[in-house]
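Structural overview for review
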Amino acid sequence: TARAQVRGYKTVLKFFPHAVSDFERTLALLEAQRGDDAGTWETRYVLLLWLSVLFMLPFDLSSLDSALSVPEDDKTAPQQSVVQRVVALCKAFLSSPGITSTAAGLLLARLLTRPDMQDPHLGDFFNWCSSEIRSDDAFLVSGCMVALALIFKTGKRDELARHVGIVFDAAMESCSGERPLASHRHLSVKLVQRLALVYLPPRVAAWRYHRGNRTLLENLGSVGTANASAEPSAAASRDADDVDFDIPEEVEAIVEPLLSGLRDRETIVRWSAAKGIGRVTARLPADLADDIVESVLELFAEHETDSAWHGGCLALAELARRGLLLPARLGSVVPV
């Protein structure tokens, strides 16, 4: 547990064993744990991480579930399938304080995004989370947001697009109100930006800035040819970039809370919003991307707070890192 806290769970996961024989024994040990026992939270955390590794096994879960191979009149056998047992456990652990809820969200993401598990379990879980996000339990709200963010990070876009409408309204409501906890605001920004990436098809913007050659000699040698072909190629790439591409209304609604997140008083919220601005802008046509850059530059007004200026700097840095800050905008950016 200490190593997971220092290096992060992603580093620790690769050291867990992943034998098929460990599957049901690990689940049984996790079910034997008491969720209200604060002294054994490390055991629950490690078992949840271990199960998240075991659910990556490339076998149909029906072949690993002993409950499906016993007679119905056997009273000693489990009455629920493995999936039902794991989902019920994780829902209970999502309301736990600390990093146990993060491990439960990771386990749910690994389970529900499996090709053989998405229907109907994924839609049912989204409906449950959409209602619980509106509850007054701060720990449960955080756990649901973590789970949803991990699911939209792990799952395939084609499958998630069928259910994204279930979560959209609840996610936007979580961004619209002023939440006192910074963790809730951070998770709200993280969730809505991943919803936007589901609505937008994955693409590499043809209009982004391409860095020149790494040596001065190569740059000087290519000046003549570059000047001759720069304008036609840029115009052609921009025209090809905007053909047959419609922006959903949901994406336009998501951009607003991301821009508002740049003004947040907590650095972690501003940082997540800046990353979201960069990710969403990279999938937009050049004209709409330029509108977002213009909105970011409006944060550097004299009446804005220090947080807004810092958030604007983070967003500009993220846009520049991704090649989305074009040379035509440098005249407005450099004076800032």
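As a convention, each chain's residues are numbered from 1 in the sequence order in which they are written. The predicted origin of the model limits local features to residues at a pLDDT of at least 70 and limits the giving and counting of side-chain atom pairs to 80 or more, whereas totals for whole chains, interfaces and linings rest on all residues. Hydrogens and waters are ignored; side-chain quantities use all the structure's heavy atoms.

Focus: the packing of aromatic side chains
Aromatic pairs are defined between Phe, Tyr and Trp rings, using the six-membered ring for Trp, whenever the two ring centres lie within 6.5 Å; interplanar angles under 30 degrees are classed as stacked, those over 60 as edge-to-face, and all others as tilted. Enumeration according to the criterion identifies 6 aromatic pairs in this entry. Measuring from centroid to centroid gives 6.0 Å for phenylalanine 168 and tyrosine 199, while their planes differ by 85°, and the two rings are edge-to-face. Taken together, the positions of phenylalanine 168 in helix α10 (residues 164–176) and tyrosine 199 in helix α11 (residues 182–199) put the pair 31 residues apart, joining distant regions of the chain. Think of it as a cone above the ring: NZ of Lys or CZ of Arg counts as a charge over the ring if it is within 6 Å of the ring centre and within 35 degrees of the ring normal. Across the ring face of tryptophan 271, the terminal group of lysine 275 is positioned such that the distance to the ring centre comes to 5.7 Å. Under the DSSP-based scheme used, a helix requires at least four consecutive residues in state H or I and a strand at least two consecutive residues in state E, with every element numbered from the N terminus.

Comments concerning the packing of helix α16 (residues 286–297) against helix α17 (residues 306–321)
Axes here mean lines fitted to C-alpha atoms, for a helix over just the part in contact, with angles spanning 0 to 180 degrees between N-to-C directions. Contact pair α16 / α17: the axes reach a minimum separation of 9 Å and the direction vectors enclose 150°. The angle between α16 and α17 places the two elements in the roughly antiparallel class. Of the two elements, α16 crosses α17, and the hand of that crossing is left-handed. Where α16 approaches α17, its residues Val293, Val296 and Leu297 are matched on the opposing element by Gly312, Ala315, Leu316 and Leu319. Charged means Asp, Glu, Lys or Arg here, nonpolar means Ala, Val, Leu, Ile, Met, Phe, Trp, Tyr, Cys or Pro, and polar covers whatever is left, Gly included. In terms of residue class, the contact of α16 with α17 is built from 6 nonpolar, 1 polar and no charged. Just so you know how the angles are binned, under 35 degrees is roughly parallel, over 145 roughly antiparallel, 65 to 115 roughly perpendicular, and the rest oblique. Note: crossing handedness is left-handed where the near helix turns anticlockwise from the far helix by less than a right angle, and right-handed where it turns clockwise. Residue contacts are defined here by distance: any two heavy atoms, one from each residue, within 4.5 Å place the two residues in contact.

Quick notes on the pattern of salt bridges
What counts as a salt bridge is simple: a side-chain nitrogen of Lys or Arg found within 4 Å of a carboxyl oxygen of Asp or Glu. In total, this model carries 10 salt bridges according to the counting rule given. With a closest N to O distance of 3.0 Å, aspartate 290 and arginine 329 form a salt bridge. Of this pair, aspartate 290 sits in helix α16 while arginine 329 sits in the loop between α17 and α18 (330–333); the two residues are 39 residues apart in sequence, bridging distant segments of the chain. Relative accessibility thresholds used throughout: buried, under 20% of the residue-type maximum; exposed, over 50%; partly exposed, between the two (1.4 Å probe, protein chains only). You can call aspartate 290 partly exposed: its relative accessible area is 32%. A salt bridge links arginine 329 to glutamate 294, with the nearest nitrogen and oxygen atoms 2.8 Å apart.

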